[in-house]
Amino acid sequence: MDSRDTAPDSWELEEDAEAPAAAGLQTAFANLNVNARPFVPNVNAVEFVPTFFQSSPTETTVSDGNAEIVASMEVVADTVAPMENGGTEADMTREEDTWEQKGEPGEGEPGGGGGEVLGAGGPCGEGADGIEDETMMIMEEEEEEIPLPKVAPAQPDAPKKEHVNVVFIGHVDAGKSTIGGQIMYLTGMVEKRTLEKYEREAKEKNRETWYLSWALDTNQEERDKGKTVEVGRAYFETEKKHFTILDAPGHKSFVPNMIGGASQADLAVLVISARKGEFETGFEKGGQTREHAMLAKTAGVKHLIVLVNKMDDPTVNWSLDRYEECKEKLVPFLKKVGFNPKKDIHFMPCSGLTGANLKDPVPDCPWYTGLPFISHLDSLPSFTRSSEGPIRLPIVDKYKDMGTVILGKLESGSIGKGQTLVMMPNRHTVEVLSLLSDEMETDDAVPGENLKLRLKGIEEEEILPGFILCNAENLCHSGRTFDAQIVIIEHKSIICPGYNAVLHIHTCIEEVQITALICLVDKKSGEKSKTRPRFVKQDQVCIARLRAAGTICLETFKDFPQMGRFTLRDEGKTIAIGKVLKLVPEKD
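First, a word on scope: everything that follows refers to the structure included in this document.

1. Quick look at the overall build of the chain
The helix and strand inventory of the chain stands at 14 helices and 21 strands. A burial count over the chain gives 45% of its 588 residues as buried. Counting only contacts in the chain whose residues sit at least 6 apart along the sequence, the fraction spanning at least 24 positions is 71%. Here the chain has roughly 30800 Å² of accessible surface; of this, 53% comes from carbon and sulfur atoms.

What follows is the structure, encoded as structure tokens:
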């Protein structure tokens, strides 16, 4: 029996047994070279390449070395990638055995660099756009959840592109998020591999056609139900402009979120489905197509592009008759809302799922001769914005991140880093620590930009959406009582003084009460009635006095249109739209 396995007779014995080991340790320590030179890593060493990426000797001997190595790596990337899809080790070794026998890569792909067509190469067909990305990202692929958009670093001397905010509105399931995802893919903001990952995940849930919308619907609830809840944000660039996509929810329960999105937009894209039955559902009384178009106009959107989506559907098949039918039904309504059909509205057919007519013209659709969607956006005239006016930045959202961060669109004026501003209506003085415009840090911002500001001097809990950031010399007006002209759009019964509703003005949501009806306004002549009305009903225009439950920031429509328009909602429906005529000072 080994002596080490038995208990010692006494602890002295045990210590004696360990003594030689301790002595050996002492000598080992004594021999250590404590004056050795410190280890300095060699930053110029050759980059480590795993064995399965090293090209075979037959390829490296070819005269045009670079092209062949690139090609061989590309072939490897194509075969290794399926590992991440859950391939077994046996599959992997089989792949490794066979890739060397494929012959010279130059034979299959002329020049050794052509990428495969999307969908042709199975779940992991790879293009040749960035070999370093492929080698670095293959291992990390499964971990990444939300893709970070690629933005080309701005040249210091390059002029700033004009910022345009585009809101996608329309009935639920018309294809708003899918079109947004497709545009991001076509303009290179979402990588092909990310979309393929979404496609695999969507297939597992039997939702193959939803994968494009996942680029904008990032949270799990939105993906499971296929419904957008919050306003999704993304951006893309064309040759002349920088666009921010605001993907509004179409469901009637989330209209307040949609109003918040529309209030930040310069341009609205109304998406309607051409599929039989779907267009009719969206356009009838309960549908969101009507309400969204009206809310966009109220939120100050001047130009409307109507995308007739799902034209590739078997029930439509790029039919001109169906396109014209949708157009004929929509134009009278849009005209009634206040859009000018000749100047403000542009119709175009498209397919969000296939990307037809978004970037390139469609051969299936010879009757449409206009520009595709992205080119049309680029060709629109510039928006006139004055950076001279007072600073007005309505807050859309806020959170904590190494300080207080707020999000919003700068409506007028210009903001610079280190500037001191005032938060209304609380009159907190704050300092701008840093400015981010669409995730890119800048030193100053001009009107129309969607900004993230890190502020000093205020806690996140002290800010609410609807507060306004302004300069100390020219504060925005705040109060509770104001006179406004209101158009009653949809209300079953009559509206009398004492009626309560929810007011949506810029990014602010507040409960209000109609305290008095001042007069009726004739729709055609604009004449005001001499006597006070006792009530108003649907389709009438009146001037009324409204009182908010709390203090809100607002301006008169004449002075500042973006902060003087509002909607009144009640029981999940938009009942009226209006504009602020006069602010009534508070009585002490």
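From this point, the discussion proceeds with the structure in view.
2. Topic: the nonpolar core
As a rule of thumb, nonpolar side chains are buried together in soluble globular proteins. Ranked by internal contacts, the top residues of the largest apolar core, which has 71 residues, are Phe 168, Ile 183, Leu 270, Val 306, Leu 330, Leu 334 and Phe 373. Residues in contact with Phe 373, not counting those within four places in the same chain, are Phe 168, Ile 183, Val 269, Ile 305, Leu 307, Met 348, Asn 357 and Leu 358. Judged by nonpolar contacts, the second largest core, of 25 residues, contains Ile 486, Leu 517, Ile 575 and Ala 576.

3. Re unusual backbone geometry
Going from Met 424 to Pro 425, the amide bond is cis rather than trans, its omega being 5°. Relative to the elements of secondary structure, Pro 425 occurs in the loop between strand S10 (420-424) and strand S11 (428-437). The backbone of Lys 310 shows a phi angle near 60°, a positive value even though the residue is not glycine. On the secondary structure map, Lys 310 appears in the loop between strand S5 (303-309) and helix H13 (320-337). Even without being glycine, Asn 357 reaches a positive phi, approximately 65°. Counting through the fold element by element, Asn 357 comes out in the loop between strand S6 (345-349) and helix H14 (373-379). Taking the relative accessible area as the measure of exposure, Asn 357 reaches 2% and is therefore buried.

4. Here's the deal with the sheet that holds strand S1 (residues 162-169)
With mixed pairing, the six strands of this open sheet are ordered in space as S2-S3-S1-S4-S5-S6. Strand pairing shows two members of the sheet lacking a second neighbour, strand S2 (232-237) and S6, which therefore form its edges. Neighbour-to-neighbour, the strand axes of the sheet open up by a mean angle of 25°, direction not taken into account. Two elements, S1 and strand S4 (residues 267-273), share four bridges in a ladder whose sense is parallel. Following the sheet pairing, Phe 168 is matched in S4 by Val 269. On the sheet, helix H7 (residues 176-186) packs against S1, S2, strand S3 (241-247), S4 and S5 and is oriented at approximately 150° with respect to S3.

5. Some details on the packing of aromatic side chains
Per the stated rule, a full pass over the model turns up four aromatic pairs. Between the aromatic rings of Phe 482 and Phe 566, the centroid separation amounts to 5.9 Å while the plane-to-plane angle is 75°, which identifies the pairing as edge-to-face. You can see Phe 482 sitting in strand S16 (residues 478-488) and its partner Phe 566 sitting in strand S20 (residues 565-570), a full 84 residues away along the chain. Assigned by exposure class, Phe 482 and Phe 566 land together as buried.

6. With respect to the packing of helix H12 (residues 288-298) against H13
Relative orientation of the contacting elements H12 and H13 amounts to 35°, with a least axis distance of 10 Å. In the packing of H12 onto H13, the handedness of the crossing is right-handed. Residues Thr 289, Arg 290, Ala 293, Met 294 and Lys 297 of H12 form the contact with H13, whose own contacting residues are Leu 330, Phe 333, Leu 334 and Val 337. Tallied by class, residues from the contact of H12 with H13 come to six nonpolar, one polar and two charged.

7. What about the pattern of salt bridges?
Within this structure, the stated rule accounts for 18 salt bridges. Note that Asp 266 and Lys 409 form a salt bridge whose closest N and O atoms lie 3.1 Å from each other. Taken together, the residues Asp 266 in the loop between helix H10 (255-262) and S4 and Lys 409 in strand S8 (residues 404-409) connect sequence positions 143 residues apart. Accessibility classification places Asp 266 together with Lys 409 in one group, the buried group. The network of salt bridges with common partners includes Arg 275, Glu 278, Lys 310 and Asp 313.

8. Remarks on the environment of Glu 439
Turning to its location among the elements, Glu 439 is positioned in the loop between S11 and strand S12 (440-442). What Glu 439 contacts, discounting residues up to four positions off in sequence, is Tyr 235 and Lys 452.

Scoring rules and cut-offs
Residues numbered from 1 in each chain as written. Predicted model: local features only at pLDDT ≥ 70, side-chain atom pairs only at ≥ 80, totals over all residues. Heavy atoms only, no water. Helix = DSSP H or I, 4+ residues; strand = E, 2+ residues; numbered from the N terminus. Buried < 20%, exposed > 50% of the residue type's maximum accessible area, 1.4 Å probe, protein only. Contact = heavy atoms within 4.5 Å. Areas by Shrake-Rupley, 256 points an atom, 1.4 Å probe, with all protein chains shown as cover. Core = buried A, V, L, I, M, F, W, Y, C linked by side-chain atoms within 4.5 Å. Pairing = 2+ DSSP bridges. Axes fitted to C-alpha atoms, helices over the stretch in contact; angles between N-to-C directions. Phe/Tyr/Trp six-rings, centres within 6.5 Å; stacked < 30°, edge-to-face > 60°. Left-handed = near helix turned anticlockwise from the far one by under 90°. Nonpolar A, V, L, I, M, F, W, Y, C, P; charged D, E, K, R; others polar. Salt bridge = Lys/Arg side-chain N within 4 Å of Asp/Glu carboxyl O.

Function cannot be inferred from these measures alone, as they are strictly geometric.
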